[in-house]
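Fold and geometry: a report
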Amino acid sequence: MNNLQLTNSLTRKKEIFKPINSKKISLYACGPTVYDNPHVGNARSLVVFDTLFRVLKLIYGNNVTYVRNITDIDDKIIEASKKNKKSINEITNNITKVFHKDCESLNCLKPTKEPKATEHVNEMIDMIFSLIKKNFAYENNGHVYFSVSSFKNYGKLSNKNLEELKAGNRIEISDLKKSPMDFILWKPSNKEDPGWDSPWGRGRPGWHLECSVMSEKYLGKIFDIHGGGLDLIFPHHENEIAQSCSNNSTNNFANYWVHNGFLTINNEKMSKSLGNIVTISDAVNKYSGQVVRLALLSAHYSQPLDWNDDLLNNQKSTIDKWYGLYEEQKEVGISDIANSLLDDLNTPGFIAKIHELYAKANSGDKQNKSLFNSACRFLGLFNISKEEWQNLKKKKIKLSESYITKKIDERTKAKNSGDYSLADKIRGELLKEGILIEDQKGKTIWKYK
Ligand code: AMP
Ligand code: ZN
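Residues numbered from 1 in each chain as written. Chains lettered and ligands numbered in written order. Predicted model: local features only at pLDDT ≥ 70, side-chain atom pairs only at ≥ 80, totals over all residues. Heavy atoms only, no water.

**Here's the deal with the coordination of the zinc ion (ligand 2)**
- Looking at the metal site, the zinc ion (ligand 2) is ligated by Cys-30 (SG), Cys-211 (SG), His-236 (NE2) and Glu-240 (OE), spaced 2.0 to 2.6 Å from it.
- Its 4 donor atoms give the zinc ion (ligand 2) angles of 72 to 132° at the centre, a pattern that matches the irregular case.
- Between the donor residues of the zinc ion (ligand 2), the gaps in sequence give the motif C-x180-C-x24-H-x3-E. One end of the pair, Cys-211, is in helix H6 (residues 207-219); the other, His-236, is in helix H7 (residues 233-248), and 25 residues separate them in sequence. (Donors = N, O, S within 2.8 Å, 3.2 Å for Na, K, Ca; no water. Tetrahedral: all angles 85-135°; square planar, octahedral: opposite > 155°, others 65-115°. Helix = DSSP H or I, 4+ residues; strand = E, 2+ residues; numbered from the N terminus.)

Here it is in structure tokens:
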């Protein structure tokens, strides 16, 4: 096998991956903030780092530790709790369950560790205490800030100096800060908000601190690879580096930084704030987990990927065709055909290889058929039998999309003319066929129940 190469955001170069200890490979990826149903943009990050985990395991066997955290304390969660009149616990527990179900539908391997922020608050308090003692942080009126000017490498990951970062980003303004770029390590909580006792009063930790603390606890002060979406480079990852390197007096935190590009819709980043999200469960219900997974891997991880029906329908036809050569079998090694994956996780290259194997196997070559099956499984496909796939397909295509759209139009017309009983009847008929209709801000959408 060739060497693994990765594009390191720190150096902006493709580099040969040299682990700190080949018997103890360490990978950390920033996990979800559990305040709302995860969307397919989040799924891109999930599937990319799951694939990197698979590739690392292919090379280093079981000597790979993959940590993906759960952020279960955050202002967004507090807002969601107030808005939905549900307790914080109810929200975080429910969304964590949805997230785990989504991971399963996408056939992601379980990470080695999945630490929750709320279970590490004492360690976070210890780290803040230590940063203050070493003069990297200061307290002001129950708030603790990291003093960015105390860290000389600030901006190295983003490749920008402080002035450029200040000009190009929205910076939280506060009279309590000594300098506008300083960021929060600890903030006070109101009585009704979740909080922990600390030397600076009752409060809660800042988001960036969580990942510094949890990565160090499970992977050490310096580890191999840190991953996340492109949007996390600044400020999140820049701040993680500042906290950890300052506190540990190290030059490095993670040796390789890998960032996935955005999933877009009409060339705009998919994000909750823009209101253009498709949840993972809706996408999986509509197309199946395998189709969504293959779509997310169809572009190189570092490039943008646009989410649209054509993309998904193409992947669906591919999977459908590939199931024609599905066989249950003992796995055969795929190391000989993994070169594209080793070359900076080139999944489109690997998918092209699977197409090649398919063509050879389809003309009767048994050896290629086994290799083809193992390659599909390696990528996280073929996780259900051929029979289950056929059943799933049948279930999904009972009604054609054009028929459903026609019925929705009829229902809208009925509603607009005040014929609510007809509108309800149409909705009920579709529901019986497993199609759920939802009215959203002036439009009606449908999904598989
Ligand atoms: P969040 O829960 O928003 O912190 O996001 C969890 C992960 O999903 C992070 O690694 C984000 O960078 C990533 N992510 C969020 N939106 C997108 C998107 N539209 N495309 C790709 N990755 C995304
Ligand atoms: Zn993080």
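**Here we look at the packing of helix H12 (residues 347-362) against helix H13 (residues 366-378)**
- Interhelical geometry of H12 versus H13 gives an angle of 150° and a closest axis separation of 8 Å. Compared by their axis directions, H12 and H13 come out roughly antiparallel. Relative to H13, the crossing made by H12 is left-handed. Contacts from Phe-350, Ile-354, Leu-357, Tyr-358, Lys-360 and Ala-361 in H12 reach Asn-368, Lys-369, Leu-371, Phe-372, Ala-375, Cys-376 and Phe-378 in H13.
- Split by residue class, the contact of H12 with H13 holds 10 nonpolar, 1 polar and 2 charged. (Axes fitted to C-alpha atoms, helices over the stretch in contact; angles between N-to-C directions. Parallel < 35°, antiparallel > 145°, perpendicular 65-115°, else oblique. Left-handed = near helix turned anticlockwise from the far one by under 90°. Contact = heavy atoms within 4.5 Å. Nonpolar A, V, L, I, M, F, W, Y, C, P; charged D, E, K, R; others polar.)

**Focus: the site of ligand 1**
- Within the structure, ligand 1 sits among 16 residues, and Gly-41, Gly-229, Asp-231, Leu-263 and Met-270 are positioned closest to it.
- The contact in question runs from an oxygen atom of ligand 1 to an N or O atom on the side chain of Asn-42, over 3.2 Å.
- At a separation of 2.4 Å, an oxygen atom of ligand 1 approaches a polar side-chain atom of Asp-231.
- About the coverage of ligand 1: the protein hides 91% of its 490 Å² of free accessible area. (Near = heavy atom within 4 Å. Polar contact = N/O pair within 3.5 Å; in protein donor to acceptor, adjacent residues only side chain to side chain. Areas by Shrake-Rupley, 256 points an atom, 1.4 Å probe, with all protein chains shown as cover.)

**Some words on the layout of surface pockets**
- By volume, the second largest pocket is sized at about 1,000 Å³.
- Listing elements by their share of the lining of the second largest pocket, those giving two or more residues are helix H8 (280-287), helix H10 (309-323), strand S14 (435-440) and strand S15 (443-448).
- Residues that form the lining of the second largest pocket fall into these classes: 9 nonpolar, 6 polar and 9 charged.
- Among the domains, domain 2 (264-393) and domain 3 (397-448) are the pair contributing at least three residues each to the lining of the second largest pocket. (1 Å grid on protein atoms, 1.4 Å probe; cavity = no way out; pocket = protein on both sides within 12 Å on 5 of 7 lines; lining within 4 Å. Points joined across faces, edges and corners; volume = space filled by probe spheres on them. Domains from an automatic or database assignment.)

**Here we look at the domain arrangement of the protein chain**
- When its domains are assigned, the protein chain resolves into domain 1 (5-260), domain 2 (264-393) and domain 3 (397-448).
- Put simply, the middle of domain 1 and the middle of domain 3, counted by C-alpha atoms, are 43 Å apart.

**Comments concerning the nonpolar core**
- The biggest cluster of nonpolar side chains holds 79 residues, and the ones touching the most others in it are Leu-56, Val-292, Trp-307 and Trp-322.
- What Trp-322 contacts, discounting residues up to four positions off in sequence, is Leu-294, Ile-351, Ile-354, His-355, Tyr-358, Phe-372, Cys-376, Leu-381 and Phe-382.
- Residues Leu-209, Ile-233, Ala-242 and Cys-245 belong to the second largest nonpolar core, which totals 41 residues. (Core = buried A, V, L, I, M, F, W, Y, C linked by side-chain atoms within 4.5 Å. Buried < 20%, exposed > 50% of the residue type's maximum accessible area, 1.4 Å probe, protein only.)

**Side note on empty space enclosed by the protein**
- This model, assessed by the stated rule, comprises 3 cavities of 30 Å³ or more.
- Within this model, the largest cavity holds a volume of roughly 90 Å³.
- Lining the largest cavity are 13 residues, with Leu-10, Lys-156, Ile-241, Asn-251 and Asn-252 sitting closest to its centre.
- Listing elements by their share of the lining of the largest cavity, those giving two or more residues are H7 and strand S10 (254-260).

**A word on the packing of helix H4 (residues 121-133) against H7**
- Packing of H4 against H7 leaves a shortest axis separation of 10 Å and a crossing angle of 65°. Compared by their axis directions, H4 and H7 come out roughly perpendicular. Between H4 and H7 lies a crossing of left-handed hand. Here Met-127, Ser-130 and Leu-131 of H4 lie close against H7, whose contacting residues are Gln-243, Ser-244, Ser-246 and Asn-247.
- Looking at the contact of H4 with H7 residue by residue, the classes come out as 2 nonpolar, 5 polar and no charged.

**Describing the packing of aromatic side chains**
- Per the stated rule, a full pass over the model turns up 17 aromatic pairs.
- Between Phe-253 and Trp-257, the ring centres sit 6.0 Å apart and the planes meet at 50°, which makes this aromatic pair tilted. Side by side, Phe-253 and Trp-257 carry an identical accessibility label, which is buried.
- Ring-pair connections join several aromatic residues into one group, and the members of that group are Trp-322, Tyr-323, Tyr-326, Tyr-358, Phe-372, Phe-382 and Trp-389.
- Above the plane of the ring of Tyr-138 lies Lys-178, whose end atom (NZ or CZ) is 4.3 Å from the centre. (Phe/Tyr/Trp six-rings, centres within 6.5 Å; stacked < 30°, edge-to-face > 60°. Lys NZ or Arg CZ within 6 Å of the ring centre and 35° of its normal.)

**Considering the environment of Asn-267**
- You can see Asn-267 is positioned in the loop between strand S11 (263-265) and strand S12 (268-269).
- Since its relative accessible area comes to 69%, Asn-267 is described here as exposed.
- For the pair Asn-267 and Asp-306, spaced 39 residues apart in the sequence, the C-alpha separation amounts to 6.3 Å.

**A short note on unusual backbone geometry**
- Of note, the bond from Phe-234 into Pro-235 is cis; its omega dihedral lies within 30 degrees of zero at 0°.
- Along the polypeptide, Pro-235 turns up in helix H7.
- The phi torsion at Asn-107 lies on the positive side, around 55°, for a residue other than glycine.
- Among the structural elements, Asn-107 can be located in the loop between helix H3 (88-105) and H4.

**Quick notes on the sheet that holds strand S8 (residues 203-205)**
- Strand order across the open sheet formed by 4 strands is S5-S6-S7-S8, with antiparallel pairing between neighbours. For this open sheet the edge positions go to strand S5 (137-140) and S8, each flanked by a neighbour on one side alone. When the angles between neighbouring strand axes are averaged without regard to direction, this sheet yields 20°.
- Sheet topology places strand S6 (residues 143-146) next to strand S7 (residues 183-188); 3 bridges connect them, and they run antiparallel. In the sheet register, Tyr-145 faces S7, and the bridge partner there is Ile-184.
- Against the sheet, H4 makes contact with S5, S6, S7 and S8, and its axis sits at roughly 120° relative to S7, the strand it touches most. (Pairing = 2+ DSSP bridges.)

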